[in-house]
Amino acid sequence: SLYQEVNLPSTMKSIGSYAFKGNAISKVNTGGTMTVDGGAFLNCTRLVVAELPNVVTICETDTGAVFSNCSSLVSVSMPSLEKCSCNKMFEGCKSLRELYLCADNDDISVGINPFVACNINKIKLFVPEELVEFYQTKRPSGIGATYIYPIGEKMGENLVNGFNIGDYIDAEFSDQCGIATAER
């Protein structure tokens, strides 16, 4: 199959360093996983969508780039993320366009130098509407205030490796944050 989805169980609590390194997965949902270590998805060049619904901590024991060289990665949702010690988390993710966050803690970050060799001016950060101003002031990991949008804004209707990113991610992420979207 062209699309290989991985849905981890709700009972899984941790993904170790380099666990999926180089795998041909196109979509991953980390299920109940709460921690992800460095390099977990390194060189997953077919990965398009990454959903980390319960991940609270990234790179607690290994600071390697979690999604480094995932050249097809377009969208990442991390609604529970509170702590990221990762270095160059999205290095070489030239297709990255959407990040989704919900946390409202002052230390929110997607790591150190997360967007090395990325098209940072094409990446949009989507957050709950009530947190837009908070994120625009905070500018996590150097994301400019003009690239921070409320959930519900659309990137477009283009298919990316068979996924309609704008429609698909918006609905999924709104559910994860407990938000009802006007379009439903």
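Now for a look at the structure at hand. (Residues numbered from 1 in each chain as written. Predicted model: local features only at pLDDT ≥ 70, side-chain atom pairs only at ≥ 80, totals over all residues. Heavy atoms only, no water.)

### Examining the nonpolar core
- In this structure, Phe41, Ile58, Phe67, Met78 and Phe90 are the most contacted members of the largest nonpolar core, which totals 44 residues.
- When residues of this core are traced back to their parent elements, those giving at least two are strand E7 (75-78), strand E9 (98-101), strand E10 (124-127) and helix H1 (132-138).
- The contacts of Ile58, once residues within four sequence positions are left out, are Val36, Leu52, Val66, Met78, Leu81, Lys83, Cys84, Ser85, Cys86 and Met89. (Core = buried A, V, L, I, M, F, W, Y, C linked by side-chain atoms within 4.5 Å. Buried < 20%, exposed > 50% of the residue type's maximum accessible area, 1.4 Å probe, protein only. Helix = DSSP H or I, 4+ residues; strand = E, 2+ residues; numbered from the N terminus. Contact = heavy atoms within 4.5 Å.)

### Concerning the sheet that holds strand E3 (residues 27-29)
- One open sheet accounts for seven strands, arranged E1-E3-E5-E7-E9-E10-E11; its pairing is parallel. Looking at the sheet topology across the chains shown, the edges are occupied by strand E1 (5-7) and strand E11 (148-150). Within the sheet, the average angular offset between the axes of one strand and its neighbour, ignoring direction, is 15°. (Pairing = 2+ DSSP bridges. Axes fitted to C-alpha atoms, helices over the stretch in contact; angles between N-to-C directions.)

### Re the state of the cysteines
- The tally for this structure, following the rule as stated, stands at zero disulfides.
- With no disulfide of its own, Cys118 lies closest to Cys93 among cysteine sulfurs, the gap being 5.3 Å. (Disulfide = S-S within 2.5 Å.)

### Here we look at the sheet that holds strand E6 (residues 57-58)
- Reading across the sheet, the four strands line up as E2-E4-E6-E8 and stay open at both edges, with parallel pairing between neighbours. On the outer flanks of this sheet lie strand E2 (14-15) and strand E8 (83-84), each paired with one strand and no other.
- Judged from the two bridges that link them, strand E4 (residues 35-36) and E6 form a sheet pairing that is parallel. Looking at E6, one finds that Thr35 is bridged to Thr57.

### Details of the packing of aromatic side chains
- Scanning the entire structure with this criterion turns up seven aromatic pairs.
- Seen in terms of ring centroids, Phe20 and Phe41 are 5.2 Å apart; in terms of plane orientation they differ by 10°. Their pairing is stacked. With Phe20 in the loop between E2 and E3 and Phe41 in the loop between E4 and strand E5 (49-51), this pair connects stretches of sequence that are 21 residues apart. Each member of the pair Phe20 and Phe41 is classed as buried.
- Plain terms: the ring middles of Phe134 and Tyr135 are 5.4 Å apart, the flat faces sit at 85° to each other, and that makes the pair edge-to-face.
- Ring-pair connections join several aromatic residues into one group, and the members of that group are Phe20, Phe41, Phe67, Phe90 and Phe115.
- Positioned above the aromatic ring of Tyr149 is the side chain of Lys124, whose terminal nitrogen or guanidinium carbon lies 4.4 Å from the ring centre. (Phe/Tyr/Trp six-rings, centres within 6.5 Å; stacked < 30°, edge-to-face > 60°. Lys NZ or Arg CZ within 6 Å of the ring centre and 35° of its normal.)

By themselves, these observations are geometric and do not establish any function.
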